[in-house]
Amino acid sequence: MGAGESADDFAAIENSQWYQKFMNQCPSGQLSLHEFKKILGLRDMNPQANMYVEQVFHIFDMNQDGFIDFLEFIAAINLVIRGKIDQKLKWYFKLYDADGNGCIDKKELLSIFTAIQAINGHTNMSAEEFTNMIFQKIDVNNDGELTLEEFINGVEKDKDLMELITKSFDLSNVLKVIQNGRRHSI
């Protein structure tokens, strides 16, 4: 930052740049699920991968109007770039909790991780191994469900688990696509 520029000035400039990029990608100012997939170059996905992308979209669509507007978009970017680890873990929990009941069961975790593998490519661990490992490490009361508290406490206490989860849900690719202004045809 130069002399006389505050952090607020810097943030305003950065947000202005993000706004220009968002509007270049989405001139209507309203990003639909179809446009979201198109911008990210996601096509011909299997049903589980499609479900995962839809879940991410719906979490970013905070007012649930079927579109991601600029404010929702910038909130998502701030989470990805500047979010504290507990904020990110809450977001991951929300993503895993597909039915929204406040708990993650093995079926939900298995389904989401399988979808992530379909999009990001396979990891050195199967979806079943990943799911069993998570539950073995952090399901404190062995009830087959993870509460938000169990999830956050368990992941924060295990450095390897934190790294694995963070890498699995890395959204930097989404930001790179938007930053570079790439548009893919479907």
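Reading the values: the criteria
Residues numbered from 1 in each chain as written. Predicted model: local features only at pLDDT ≥ 70, side-chain atom pairs only at ≥ 80, totals over all residues. Heavy atoms only, no water. pLDDT = per-residue confidence, 0-100. Helix = DSSP H or I, 4+ residues; strand = E, 2+ residues; numbered from the N terminus. Core = buried A, V, L, I, M, F, W, Y, C linked by side-chain atoms within 4.5 Å. Buried < 20%, exposed > 50% of the residue type's maximum accessible area, 1.4 Å probe, protein only. Contact = heavy atoms within 4.5 Å. Salt bridge = Lys/Arg side-chain N within 4 Å of Asp/Glu carboxyl O.

> What's the story with the confidence of the model for the chain in this structure? I'm lost.
The predicted structure's coordinates, where accompanied by low pLDDT, should not be read in detail. For the chain, mean pLDDT is 79; residues scoring 70 or higher make up 80% of the total. Strand S2 (residues 145–147) holds the highest mean pLDDT among the elements of the chain, 95, whereas helix H10 (residues 172–180) holds the lowest, 55.

> Is there a simple way to explain the nonpolar core in this structure?
Here is a general trend for soluble globular proteins: nonpolar side chains tend to be buried in one another's company. Counting residues in each nonpolar core, the largest one holds 47 residues, and the members touching the most others are Phe-36, Tyr-96, Phe-151 and Ile-165. Residue contacts for Phe-151: discarding those within four places in its chain leaves Leu-89, Tyr-92, Phe-93, Tyr-96, Ile-104, Ile-138, Leu-146 and Ile-165.

> Quick question: what am I supposed to make of unusual backbone geometry here?
Peptide bonds are trans in most cases, and residues, glycine excluded, mostly fall at negative phi. Of note, Gln-64 is a non-glycine position whose phi angle comes to about 55 degrees, a positive value. One can find Gln-64 in the loop between helix H3 (47–60) and helix H4 (70–82). The phi dihedral of Asn-142 is positive, around 50 degrees, even though this residue is not glycine. Along the chain, the position of Asn-142 falls in the loop between helix H7 (127–138) and S2.

> Teacher, can you tell me more about the environment of Gly-102 here?
Examined against the element boundaries, Gly-102 turns out to sit in the loop between helix H5 (85–96) and strand S1 (103–105). Given a relative accessible area of 33%, Gly-102 falls into the partly exposed group. Between the C-alpha atom of Gly-102 and that of Thr-147, which follows or precedes it by 45 residues, the distance is 6.6 Å. Not counting the four nearest positions on each side in its chain, Gly-102 is found in contact with Phe-93, Asp-97, Leu-146, Thr-147 and Leu-148.

> In this structure, what is going on with the pattern of salt bridges? I would like to understand it.
Once the charged atoms of two side chains with opposite charge are near each other, the side chains can pair. This model, assessed by the stated rule, comprises two salt bridges. Of the charged contacts, one joins Lys-37 and Glu-54 as a salt bridge, the two residues approaching to 3.6 Å between their closest N and O atoms. With Lys-37 in helix H2 (residues 33–39) and Glu-54 in helix H3, this pair connects stretches of sequence that are 17 residues apart. Glu-54 gets classed as partly exposed once you look at its relative accessible area, which sits at 27%. The partner of Lys-137 in a salt bridge is Asp-158, with the nearest N and O atoms 2.9 Å apart. Of this pair, Lys-137 sits in helix H7 while Asp-158 sits in the loop between helix H8 (148–157) and helix H9 (159–168), and the two are 21 residues apart along the sequence.

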